[in-house]
Amino acid sequence: MLFTASSSQKEVWSIIKNHLHLGASDPKHPFHFVNLCTLDGDQPDSRYVVLREVNAALQLFIYTDSRSEKIAQINKNPNVSLLFYHAEERCQVKINGKANIVSNTEIHKEHWKSIQKDAQKGYQSILAPKTTVSRPEEGWEQKSDFQSKNFSVISILPDQIECLQLDRRGHLRIAFDKVKNNWIPAWLVP
Ligand SMILES: Cc1cc2nc3c(=O)[nH]c(=O)nc-3n(C[C@H](O)[C@H](O)[C@H](O)COP(=O)(O)O)c2cc1C
């Protein structure tokens, strides 16, 4: 369990923040992969992505292809939801917040430089993601000069973080709401 009924709200906050940081830095941590839900009009659209960075302000960073559906969706509606699950500790963490596409800035350049050549390859496909092809191999064709043109960084600023700790003695649910730059905690009925 990541927290118990006797953990203080302050302790829960610090444990959850720590696990989010671990999710970004440790590829073996269960929070390294996260379900990102965006809105396509009024239709929710989910997919797994890799959590790349969490900064001190609790801003979360994800990398993707600039031509992907999620980028178009975020450009139209920045409201997103992230869902993590720590299976071993039986703890779910949901983050609702606003996404922003970071492009043509120093931050974008730094992230591009920080990823390995092999990972940069992932952004060189000639055809855009989701293009219909007659054979799978057509979709693997790549440009040989490694450009950052199709590389996008998505930053997500949370405004609510909710945790559900499963426990045989009684499940625990706690929410943290961002109100004027302060995180307000509240225990909830699970
Ligand atoms: C374990 C896993 C990790 C993934 N990580 C990423 C990622 O970090 N960035 C990304 O754009 N797509 C990632 N994908 C692929 C996405 O789930 C998705 O298929 C792709 O980004 C297209 O999404 P979209 O068309 O909804 O934008 C990952 C898929 C899996 C299964």
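Its UniProt record gives the protein the following Cofactor (unreviewed entry) comment, quoted word for word: "FMN".

A. Structural detail: the environment of W187. Residue placement: W187 occurs in strand β9 (residues 182-188). Once the C-alpha coordinates of W187 and P30 are considered, the two residues, 157 residues apart in sequence, prove to be 24 Å apart. If near-sequence neighbours (up to four positions away) are discounted, W187 is found in contact with F3, T4, S7, Q9, V12, L172, R173 and I174.

B. Region of interest: the UniProt feature "domain: Pyridoxamine 5'-phosphate oxidase Alr4036 family FMN-binding" (unreviewed entry) in the protein. Mapped onto the present numbering, the UniProt feature "domain: Pyridoxamine 5'-phosphate oxidase Alr4036 family FMN-binding" (unreviewed entry) falls at residues 22-102. End-to-end, the C-alpha atoms of residues 22-102 are 23 Å apart, and along that stretch the chain is 15% helix and 54% strand.

C. Geometry of the site of the ligand. All residues adjacent to the ligand are F33, R47, Y48, V49, V50, Y63, T64, S68, E69 and K70. Within the side chain of R47, a nitrogen or oxygen atom sits 2.8 Å from an oxygen atom of the ligand. T64 is positioned with one of its side-chain polar atoms (N or O) 2.5 Å from an oxygen atom of the ligand. Taking 620 Å² as the accessible area of the ligand by itself, protein coverage stands at 60%. Of all the secondary structure elements, the ones that give two or more residues to the shell around the ligand are β2 (43-50), β4 (60-65) and α2 (69-76). In terms of residue count, the dominant contributor to the shell around the ligand is β2 (4 residues). Considered class by class, the residues forming the shell around the ligand number 5 nonpolar, 2 polar and 3 charged.

Calculation criteria
- Along each chain, numbering runs from 1 in the same order as the chain's sequence is written.
- Selection of residues for local features in this predicted model requires a pLDDT of at least 70, selection of side-chain atom pairs for listing and counting requires 80 or more, and totals for whole chains, interfaces and linings are taken over all residues.
- Side-chain metrics rest on all non-hydrogen atoms present in the structure, leaving aside hydrogens and water.
- UniProt positions are given in the numbering used here, feature names are shortened, and annotations may be inferred rather than shown by experiment.
- Secondary structure elements are taken from DSSP: a helix is a run of H or I of four residues or more, a strand is a run of E of two residues or more, and numbering for both begins at the N terminus.
- Only heavy atoms enter the contact rule, under which two residues are in contact if any of them lie within 4.5 Å.
- Think of it this way: one heavy atom of a residue within 4 Å of a molecule or strand is enough to make that residue near it.
- Any pair of nitrogen or oxygen atoms within 3.5 Å is treated as a polar contact; in protein, a donor-acceptor pairing is required on top of that, and neighbouring residues in sequence qualify only through side-chain atoms on both sides.
- For the accessible areas, the method is Shrake-Rupley and the probe is 1.4 Å, while residue cover comes only from the protein chains on display.
- Three residue categories are used. Nonpolar comprises Ala, Val, Leu, Ile, Met, Phe, Trp, Tyr, Cys and Pro, charged comprises Asp, Glu, Lys and Arg, and polar comprises the others, including Gly.

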